[in-house]
Structure formats: structure tokens, C-alpha cells
Amino acid sequence: MIQDNNANLINLIKDYLATLETDYAIGIDGVWGSGKSYFVNNILRKHIEKVKSSTGKYYKLVIVSLFGVSDPAEIQTKLFLELNPFMKRRWAIIGNMLLQKGLGLVGIGALSSKEKGKLSSIFDIPKNIIIVFDDFERLDPKAFSKVPGLLNQYIERDKLKVLIVGDFGRDQVAEFNKIREKLIRHTYEFQPNIDSFLEQYCKVAIPKNKQNILSRKDLISRILVTSAHNNLRTLKFFVDTLN
């Protein structure tokens, strides 16, 4: 049993994964600070990485933040590094390697034979990879007209499973919203699970005072809802202040 307010979202994504040859993405829409990224990385990941893909391998989440991205090439670089995390420590050294069709890199001579064998190309991404494009509303404004074309390559051409996470109510996303249905078939309105997050946060951040804070859990929830600050960043600030 899924112990979370967003059980419907988890089930929706499981149905999406069970559908072969999809040509659309799933959107996760929520206001700033509502805990979308935390949910995807810590809760959703646990559920869907237990699901086997059509390749026989378990699905794997690869999360790419679009914060500040101004050019599609930056997304390709970020995606390459998430597919090949061992390269992150080498990127500053190899630096100016260019992405190209095939293996995905120029200048791989700087790598060992073992590292070359481990490389994953951004042009032949395995079908068990789920790409999560996070912080969509935080794209550089100049990029909103250019990025959808690149995302569509992964979604429609490559038939990969793609989740697009962001606050689609922001003014800067207005132009994208006019064409959003071309990429995203279902958009789920994310709702934070305050009780669950509060317990997890207290356990990690303030274990010695956890029970004292949790004893006032109902009061904290009511204050947040009444004051229309129903987001997790405000909750963290509130708990830290109480502590």
C-alpha cells in the first residue's frame, strides 16, 4: 500500500510505464516549494525503480534540472553527465569535449578503456531510462521556444519515458502552455504531503526534538493551510524556528 497523498500520481506513472511505444510525456505541476523534486527523487524513485521495463531491466530515473538553461546543448551535456555520473569528476578536466552523433563525445582519448566501455550515449538511451526534466519553469526565458523541440526528440522520436516537472502556472511558462499538449498528455497537479514530510524532516534534521515538534503536527498543518503557505520550504523554515 502506498502511504502518500500522491498515490494516484504513482499509479498513473506505473500505467505509463506499462504502456509500450508511448509518444507523450507526463507532467507534474506544482507551485514553488511544494516538494515536487523531493517527491520525485525520494518517493517516486523507490516505487518505479522496482518496475521492470520491456528490456527486462528495472527502470532507472535520470533527473536533469533545467534551472538556468539557455540552450538545448546544455541539456544534452547535463543529460550525458547524469547518464554517466562517473564523468562528473572528469568534466572539468576534459572540459570542452563536444557532443556528436555516435558515442556522444569527441576527445574520449582522455578516458581509460574501462571508462570508455561504461559510457552511455545520449543518442542511444536505453529504454529502461526514465528522463525527468525538473525545474521547467526556471529555464532561461530565451530557451522556452527552443527546448520543446529537443524534448520532443526523446519523447516522440526515441519513444522514451519522460516526466516534465515544474510550476506551469508561472507567467514565463505561458507560451509553452499553448503547445504543452503536443508533448504532455497528462498533467498531474501535485499536492504536498505535509504530515509525511514533517516526520521525515524532523527525523533527519532535528532528531532530538522530533517528538516535541510532531506533537504539534496538526496545529502546524492548520497554520500553513490557513495562511495559504502550504509549501515545504515554508514548513522547513517554520519547524526550524520552532526548534
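Scroll up a little and you will see the structure.
All chains use their own residue numbering, which begins from 1 and follows the written sequence. With the structure being a predicted model, the display of local features is reserved for residues of pLDDT at least 70 and the display and counting of side-chain atom pairs for 80 or more, all residues being used for whole-chain, interface and lining totals. Side-chain metrics rest on all non-hydrogen atoms present in the structure, leaving aside hydrogens and water.

1. Re the pattern of salt bridges
Next up, step 1: We count a salt bridge whenever a side-chain nitrogen from Lys or Arg sits within 4 Å of a carboxyl oxygen from Asp or Glu. One pass over the structure, following the stated rule, counts six salt bridges.
Next up, step 2: With a shortest N-O distance of 3.1 Å, E49 and R45 are connected by a salt bridge.
Next up, step 3: For E49, a relative accessible area of 27% puts it in the partly exposed group.
Next up, step 4: For R45, a relative accessible area of 22% translates into the label partly exposed. A 1.4 Å probe rolled over the protein chains alone gives each residue an accessible area, and that area as a share of the maximum for its type sets the label: buried under 20%, exposed over 50%, partly exposed in between.

2. With respect to the environment of Y38
Next up, step 1: Numbering of helices and strands starts at the N terminus; helices are DSSP runs of H or I of at least 4 residues and strands are runs of E of at least 2. Looking at the secondary structure, you find Y38 in helix α2 (residues 36-48).
Next up, step 2: Take Y38: its relative accessible area is 32%, and that puts it in the partly exposed class.
Next up, step 3: Considered as a pair, Y38 and P192 are 154 residues apart in the sequence and their alpha carbons are 10.0 Å apart.
Next up, step 4: Residues count as neighbours in contact if any of their non-hydrogen atoms are within 4.5 Å of one another. The residues touching Y38, leaving out its near neighbours within four places in the chain, are I43, F197 and Q200.

3. Notes on the nonpolar core
Among soluble globular proteins, nonpolar side chains are generally buried collectively.
Next up, step 1: As used here, the term nonpolar core means buried Ala, Val, Leu, Ile, Met, Phe, Trp, Tyr and Cys residues forming a set that is joined through side-chain atoms within 4.5 Å. Residues L79, I131, F133, F136, Y154, V162 and I164 are the most contacted members of the largest nonpolar core, which totals 34 residues.
Next up, step 2: Discounting chain neighbours no more than four positions away, the residues touching L79 are V62, V64, I122, I125, I131 and Y154.
Next up, step 3: One finds Y16, I26, I28 and F39 within the second-largest nonpolar core, a separate group that totals 21 residues.

4. Looking at the sheet that holds strand β2 (residues 60-65)
Next up, step 1: Strand order in this open sheet of five strands is β2-β3-β4-β1-β5, and the pairing throughout is parallel. Bordering the open sheet on either side are β2 and β5 (184-189), each of which pairs with just one other strand. Averaged over all pairs of adjacent strands, the angle between strand axes in this sheet comes to 20 degrees, irrespective of strand direction.
Next up, step 2: DSSP calls a pair of strands paired once it identifies at least 2 bridges connecting them. Note that strand β3 (residues 129-134) and strand β4 (residues 161-166) share four bridges and pair parallel. Its bridge partner being in β4, V132 is matched across the sheet by L163.
Next up, step 3: α2 rests against β1 (25-29), β2, β3 and β4 of the sheet, and its axis sits at about 165 degrees to β2.
Next up, step 4: Where helix α3 (residues 72-83) meets the sheet, it contacts β2 and β3, and its direction lies at approximately 145 degrees from that of β2. An axis is simply a line fitted to the C-alpha atoms; with a helix, the fit covers only the stretch in contact. Between two such axes, the angle follows the N-to-C directions and lies from 0 to 180 degrees.

5. With respect to helix α6 (residues 147-157)
Given 3.6 residues per helical turn, the α-helix brings residues three or four places apart onto the same face.
Next up, step 1: Of all the positions in α6, only V147, P148, L150, L151, Y154 and I155 are classed as buried. End-on, the buried residues of α6 take up no more than an arc of 165 degrees, which puts them together on one face.
Next up, step 2: Packed against the buried residues of α6 are β1, α3, β3, β4, α7 (174-177) and α8 (180-183).
Next up, step 3: Just past α6, the residue K159 takes up positive phi, approximately 60 degrees. Directions from the helix axis toward the C-beta atoms define the arc.

6. Side note on a positive patch on the surface
Next up, step 1: Side chains of K14, K46, K50 and K203 sit close together on the surface and give a patch of like positive charge.
Next up, step 2: Along the polypeptide, K14 turns up in helix α1 (residues 7-18).
Next up, step 3: What makes K14 partly exposed here is its relative accessible area of 31%. Two joining distances apply to patches: 9 Å for like charges and 5 Å for nonpolar side chains (Val, Leu, Ile, Met, Phe, Trp, Tyr), and every residue must have over 30% relative accessible area and no salt bridge. Areas reported here follow the Shrake-Rupley algorithm with a probe of radius 1.4 Å; residue values treat only the protein chains shown as occluding. When charges are counted, Lys and Arg are positive and Asp and Glu negative, with His and the chain ends excluded. Where a charge lies is defined by one atom per residue type, namely NZ (Lys), CZ (Arg), CG (Asp) and CD (Glu).

7. Some thoughts on the packing of aromatic side chains
Next up, step 1: Between rings of Phe, Tyr and Trp, where Trp is taken as its six-membered ring, a pair exists when centres lie within 6.5 Å; planes separated by under 30 degrees are stacked, by over 60 edge-to-face, and by other angles tilted. Evaluation of the coordinates by the stated rule reveals seven aromatic pairs.
Next up, step 2: Judged by centre distance (5.3 Å) and plane angle (40 degrees), the ring pair of Y16 and Y24 falls under tilted.
Next up, step 3: Y16 gets classed as buried once you look at its relative accessible area, which sits at 2%.
Next up, step 4: Geometrically, a lysine NZ or arginine CZ counts as sitting over a ring once it is within 6 Å of the ring centre and also within 35 degrees of the ring normal. Positioned above the aromatic ring of F168, the side-chain terminus of R180 is 4.8 Å from the ring centre.

8. Focus on the layout of surface pockets
Next up, step 1: Reported here for the largest pocket is a volume of approximately 390 Å³.
Next up, step 2: Along the walls of the largest pocket sit 20 residues, with G35, K36, S37, Y38 and R233 positioned nearest its centre.
Next up, step 3: Every element with two or more residues in the lining of the largest pocket is listed here: α2, β4, α9 (194-205) and α12 (232-242).
Next up, step 4: All residues other than Ala, Val, Leu, Ile, Met, Phe, Trp, Tyr, Cys, Pro, Asp, Glu, Lys and Arg, Gly among them, are scored as polar; the first ten of these are nonpolar and the last four charged. A per-class count over the lining of the largest pocket returns seven nonpolar, six polar and seven charged. Within this scheme a cavity is a closed region of a 1 Å grid, computed over the protein atoms alone, that accommodates a 1.4 Å probe without allowing it to escape, whereas a pocket is open but has protein on both sides within 12 Å along at least five of seven lines; lining residues each have an atom within 4 Å of a point. Grid points are joined across faces, edges and corners, and a volume is the space filled by probe spheres set on the points.

9. Here we look at the packing of α1 against α2
Next up, step 1: Close contact between α1 and α2 brings their axes to 11 Å; oriented N to C, the two are set at 55 degrees. Viewed along their axes, α1 and α2 adopt a mutual orientation that is oblique. Crossing of α1 over α2 shows right-handed handedness. In this structure, α1 contributes L9, I10, I13, K14 and L17 to the contact, and α2 contributes F39, I43, L44, H47 and I48.
Next up, step 2: For the contact of α1 with α2, a count of residues per class yields eight nonpolar, one polar and one charged. Here roughly perpendicular refers to angles of 65 to 115 degrees, roughly parallel to angles under 35, roughly antiparallel to angles over 145, and oblique to all remaining angles. Left-handed is the label given to a crossing in which the near helix is rotated counterclockwise from the far helix by less than a right angle, and right-handed is the label when the rotation is clockwise.

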